[in-house]
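Overview (structure and organization)
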Amino acid sequence: MTRLLTATRLLLALSLYALAAMVWAQGSATEAEAENLALRAESLKQQSLQLNRDLLILEEELLFPANSQIALYLSLDVGHYFALDSVKVKVDDDFISSELYTDKQLTTLRRGGIQKLYLGNLRQGEHEISAFFTGTGPKGQSYKRAASLTVEKTTAPLVLELKIVDSGQKLQPVFDIKQWEL
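Everything in this summary refers to the structure shown in the same document. (Residues numbered from 1 in each chain as written. Predicted model: local features only at pLDDT ≥ 70, side-chain atom pairs only at ≥ 80, totals over all residues. Heavy atoms only, no water.)

Here's the deal with the overall build of the protein
The following threshold applies: Working definition: helices are DSSP H or I runs of at least four residues, strands are E runs of at least two. Numbering for both runs from the N terminus. Note on definitions: a residue-residue contact is assigned when non-hydrogen atoms from the two residues lie within 4.5 Å. For the accessible areas, the method is Shrake-Rupley and the probe is 1.4 Å, while residue cover comes only from the protein chains on display.
Along the backbone of the protein there are three helices and eight strands. Its helices and strands taken in sequence order, the protein reads α-α-β-β-β-α-β-β-β-β-β from the N to the C terminus. For the protein, contacts bridging at least 24 residues in sequence account for 66% of all contacts bridging at least 6. Just so you have it, the protein exposes about 11,700 Å², and 54% of that area is on carbon and sulfur atoms.

The following block contains the structure:
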């Protein structure tokens, strides 16, 4: 399937290139011919964008069918009490995702962004999801915390959010894993 997607994208790119070459070669073309070629090029570009979008959706559906799909997201609330450096995620006994954060990524998360950490397949049944957070704590010290959640995977997609929230009462961060209801 991946070869088919790559071949189709390559064919579209070559078609656009060929059309652009025709336009360039027609430098002495009349204004009406040049306008016609430009319209054809724009039409082909729109068709290729639509096909690429359809291929990406098809690829995701084939690689990650809904009955076995798991998606993990990370969100950060304010971040006054914790400066995130990295996250590692484990399902049962296997590490499935690891991320080191840049200042730009952290700024985006603090502004309300949500990062997709993992999209994959998981067999039905009970699973333990564990997330390990490292960073700098409230007083500048190294901070390592973990959160875990036991979930029952059914035929429905499983969507989890790793949340880092400041607790004003405790003056420290709280780490949680929340299962989204679909």
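Observations regarding the pairing of strand β6 (residues 142–153)
As a reminder of what qualifies: Paired strands are those between which DSSP finds at least two bridges.
As defined by bridge partners, strand β5 (residues 125–136) adjoins β6 across twelve bridges and the pair is classed as antiparallel. By the bridge assignment, Phe133 is partnered in β6 with Arg145.

Side note on the sheet that holds strand β2 (residues 83–91)
Counted only if it meets this: Angles run from 0 to 180 degrees between N-to-C directions of axes, and those axes are lines fitted to C-alpha atoms, restricted for helices to the stretch in contact.
Taken together, the four strands give an open sheet; going across it, the order is β3-β2-β5-β6, and neighbouring strands pair in antiparallel fashion. At either end of the open sheet lies a strand with only one pairing partner, and these are β3 (94–100) and β6. Sheet twist, expressed as the mean angle between neighbouring strand axes with direction ignored, is 15 degrees. Where β2 and β5 come together, eight bridges link them in antiparallel fashion. From the neighbouring strand, Val87 faces β5, where its bridge partner is Phe133.

Description of the nonpolar core
This is how it is decided: Among the buried residues, those of types Ala, Val, Leu, Ile, Met, Phe, Trp, Tyr and Cys that are joined through side-chain atoms within 4.5 Å form a nonpolar core. Each residue is assigned to one of three classes by its accessible area relative to the maximum for its type, calculated with a 1.4 Å probe on protein chains only: buried under 20%, partly exposed between the two thresholds, exposed over 50%.
Membership of the largest hydrophobic core comes to 26 residues, with the highest contact counts inside it found for Leu74, Leu84, Val87, Ile129, Phe133 and Leu162. Taken together, the elements giving at least two residues each to this core come down to β1 (69–77), β2, α3 (103–110), β5, β6, β7 (158–167) and β8 (172–179). Beyond its immediate sequence surroundings of up to four residues, Val87 is in contact with Leu74, Ser97, Ser98, Glu99, Tyr101, Leu117, Phe132, Phe133 and Leu162.

Here we look at the packing of aromatic side chains
To keep things clear, this is the line we draw: Only Phe, Tyr and Trp rings take part, Trp by its six-membered ring, and two of them pair if their centres are within 6.5 Å. Stacked means planes under 30 degrees apart, edge-to-face means over 60, and tilted covers everything else. Two limits define a charge over a ring: the Lys NZ or Arg CZ must be within 6 Å of the ring centre, and within 35 degrees of the ring normal.
The full count for this structure, using the stated rule, is six aromatic pairs. Centre to centre, the rings of Phe95 and Phe132 are 6.1 Å apart; their planes meet at 50 degrees, and the pair counts as tilted. One end of the pair, Phe95, is in strand β3; the other, Phe132, is in strand β5, with 37 residues separating them in the sequence. The ring of Tyr143 has Arg145 lying over it, and the distance from NZ or CZ to the ring centre is 4.2 Å.

What about the sheet that holds strand β4 (residues 114–121)?
Here we have four strands laid out as an open sheet, ordered β4-β1-β7-β8, and mixed in their pairing. A single partner strand is all that each edge strand has here, and the edge strands are β4 and β8. Between one strand axis and the next, the sheet turns through 15 degrees on average, direction left out of account. The sheet contact formed by β7 and β8 spans eight bridges and is antiparallel. Across the sheet, the residue bridging to Leu162 is Ile177, located in β8. On top of the sheet, α3 reaches β1 and β4; it is set at about 85 degrees to β1, its chief contact.

Some thoughts on the pairing of β3
Relative to β3, β2 is paired through six bridges, and the arrangement is antiparallel. Bridge pairing in β3 links Val87 to Glu99. The loop that links β2 with its antiparallel partner β3 comprises two residues; one of these, Asp92, has a positive phi angle of about 55 degrees.

Topic: unusual backbone geometry
Of note, Asp92 is a non-glycine position whose phi angle comes to about 55 degrees, a positive value. Mapped onto the fold, Asp92 is located in the loop between β2 and β3.

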